[in-house]
Amino acid sequence: MRTLSLIIISFLIITISYGNESKTYKILKNLRCLVCQGQTISDSNSDFALTIKEVVTEKVNEGLSEKEIYYFLSDKYGDWILFNTPLKKNSYFLWFMPYVLFILGGAILYIMIKKRTEKIK
Amino acid sequence: MKKKYLVTIYSIAIFVFVVLYLSLNKNNVYTTQENIGKKISVIELNYFDKPGEFNIQEISNFNFTLLNFWASWCGPCRKEHKHLVELSRNSNLKIIGVNFKDDKKNATEFLKEMGNPFFILTKDPEGKKSVNFGIYGIPETILINKDLKILKKYVGPLSRKDVREIQRIVKK
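Remember, predicted model here, so these are calculated numbers, not experimental data.

A. Representation of the overall build of chain B within the structure. Looking only at helices and strands, chain B has four helices and seven strands in total. Along chain B, helices (α) and strands (β) appear in the sequence α-β-β-β-α-β-α-β-β-β-α when read from the amino end. Relative to a compact globule of 172 residues, whose C-alpha radius of gyration would be 16 Å, chain B shows 22 Å and is clearly more extended. Based on the C-alpha atoms only, the size of chain B along its principal axes is roughly 85 × 35 × 30 Å. The buried share of chain B, taken over its 172 residues, is 45%. Taking all contacts inside chain B whose residues are at least 6 apart in sequence as the whole, residues at least 24 apart take part in 71%. Only carbon and sulfur atoms are counted for the fraction: they give 57% of the accessible area of chain B, which is about 9,800 Å². When the 29 basic and 17 acidic side-chain charges of chain B are each reduced to a single mean position, those positions are 11 Å apart.

B. Spotlight on the interface of chain B and chain A. Listed as interface residues are 21 residues of chain B and, on the opposing side, 22 residues of chain A. A combined buried area of about 1,700 Å² lies between chain B and chain A, and 56% of that area is made up of carbon and sulfur atoms. Close ionic contact of A:Asp75 with B:Lys38 constitutes a salt bridge, the shortest N to O distance being 3.2 Å. Along the contact surface separating chain B from chain A lie seven residue pairs in polar contact (both at pLDDT 80 or more). Top element by residues in the side of chain B that touches chain A is helix 1 (residues 2-25) of chain B. It accounts for four residues. Residue composition of the side of chain B that touches chain A, grouped by class: nine nonpolar, six polar and six charged.

C. The arrangement of the sheet that holds strand 3 (residues 64-70) of chain B in detail. Residues and elements named next belong to chain B. Spatially, seven strands are ordered 2-1-5-4-3-6-7 in an open sheet, and the strand pairing comes out mixed. Of all the strands in the sheet, just strand 2 (53-55) and strand 7 (150-155) have a single pairing partner and so form its edges. Averaged over all neighbouring strand pairs, the angle between strand axes comes to 30 degrees, with direction disregarded. As paired strands, strand 3 and strand 4 (residues 93-100) are joined by seven bridges and run parallel to one another. Within strand 4, the residue paired with Phe69 across the bridge is Val98. Of the strands in this sheet, strand 3, strand 4 and strand 6 (140-145) touch helix 2 (residues 75-87), which is tilted by about 160 degrees from strand 3.

D. Spotlight on a nonpolar patch on the surface. Residues A:Phe93, A:Leu101, A:Leu104, A:Ile108, A:Met112, B:Tyr5, B:Ile9, B:Ile12, B:Phe15, B:Val16, B:Leu20 and B:Leu24 make up a contiguous nonpolar surface patch of roughly 1,200 Å² in combined accessible area. Every element with two or more residues in the nonpolar patch is listed here: helix 4 (92-120) of chain A together with helix 1 of chain B. Here the nonpolar patch gets seven residues from one element, more than from any other, and that element is helix 1 of chain B. Along the chain, the position of B:Leu20 falls in helix 1. Its relative accessible area of 49% is what places B:Leu20 among the partly exposed residues.

E. Region of the structure containing the side chain of B:Ser41. With respect to the secondary-structure elements, B:Ser41 resides in the loop between helix 1 and strand 1 (44-47). Of note is the side chain of B:Ser41, whose polar atom sits 2.6 Å from the side chain of A:Lys76. Residues in contact with B:Ser41, not counting those within four places in the same chain, are A:Lys76, B:Ile56, B:Gln57 and B:Asn132.

F. Structural context of the pattern of salt bridges. Per the counting criterion, the structure on display carries 13 salt bridges over all chains. A salt bridge links B:Glu86 to B:Arg160; the nearest nitrogen and oxygen atoms lie 2.9 Å apart. One end of the pair, B:Glu86, is in helix 2; the other, B:Arg160, is in helix 4 (residues 160-171), and 74 residues separate them in sequence. Relative accessible area serves as the criterion here: at 24%, B:Glu86 is assigned to the partly exposed category. Accessibility expressed as a relative area gives 35% for B:Arg160, which makes it partly exposed. Each of the salt bridges in this network shares a partner with another, and the network as a whole consists of A:Glu54, A:Glu58, B:Glu126 and B:Lys128.

Conventions and cut-offs
- Residues numbered from 1 in each chain as written.
- Chains lettered and ligands numbered in written order.
- Predicted model: local features only at pLDDT ≥ 70, side-chain atom pairs only at ≥ 80, totals over all residues.
- Heavy atoms only, no water.
- Helix = DSSP H or I, 4+ residues; strand = E, 2+ residues; numbered from the N terminus.
- Rg over C-alpha atoms; globule rule 2.2 N^0.38 Å.
- Buried < 20%, exposed > 50% of the residue type's maximum accessible area, 1.4 Å probe, protein only.
- Contact = heavy atoms within 4.5 Å.
- Areas by Shrake-Rupley, 256 points an atom, 1.4 Å probe, with all protein chains shown as cover.
- Lys, Arg positive; Asp, Glu negative; His and termini not counted.
- Charge placed at Lys NZ, Arg CZ, Asp CG, Glu CD.
- Buried area = accessible area lost by both parts, 1.4 Å probe.
- Salt bridge = Lys/Arg side-chain N within 4 Å of Asp/Glu carboxyl O.
- Polar contact = N/O pair within 3.5 Å; in protein donor to acceptor, adjacent residues only side chain to side chain.
- Nonpolar A, V, L, I, M, F, W, Y, C, P; charged D, E, K, R; others polar.
- Pairing = 2+ DSSP bridges.
- Axes fitted to C-alpha atoms, helices over the stretch in contact; angles between N-to-C directions.
- Patch = residues over 30% accessible without salt bridge, like charges linked within 9 Å, V, L, I, M, F, W, Y side chains within 5 Å.

Okay, structure coming up:
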């Protein structure tokens, strides 16, 4: 019974720590190293990146969500630290323009095809 | 029909030109402008040479505070130090030093040699607490008012021009 409890506890600890590790890695991959040339915090070994890695690991272990960690860092360093630009008033154009162009292109194509078919008829 | 095509092509060309022009003119270098006007976080920093912690909220007791992040191993910090010594003579301003990822002995020697402009001296040996102030390299200096609002943030060593600007703000 005791052995079984030990196995279950060990399994839970491993699962939680692995989950935290992959969450930390995912967050670090989406953070820009401010002192490097286009590198993520995860890829960089600069002094700044090493500090941020430690801070993020601590925050993950404290139980903060991915969103909360992004919020904390963008509050301190601005949205520039995030590779994935958040949806805000000044980024509406960036987020919605591809969809608008896609719909507009589709509509133009539809009208053109329709006109040609009518001509052939 | 030909006119329609020309209008479409010209519209697309103008659109592409405008997008490229705006993107290329956008400054992609990290600036600290977003921090201006924000309130500083509740942070406790360890005192440099005595046990205990200094709560950063206590700076509301001073009219203006200059929070300076420095280290003895940092060359530009040596360069700006004379400006900090000069600013420390201003009665309306208190300078709080945060010794960043440094060796205590070296930092003490640095201050002995260059003078100590700090009203309160704290330390951040791991550099993690400095993240709360948006620090990404040193030296960095933050000017804060009584309401704990960030008025200015200087990245890199303070220049003569920065000193004049700080003196002007603090005079008000």
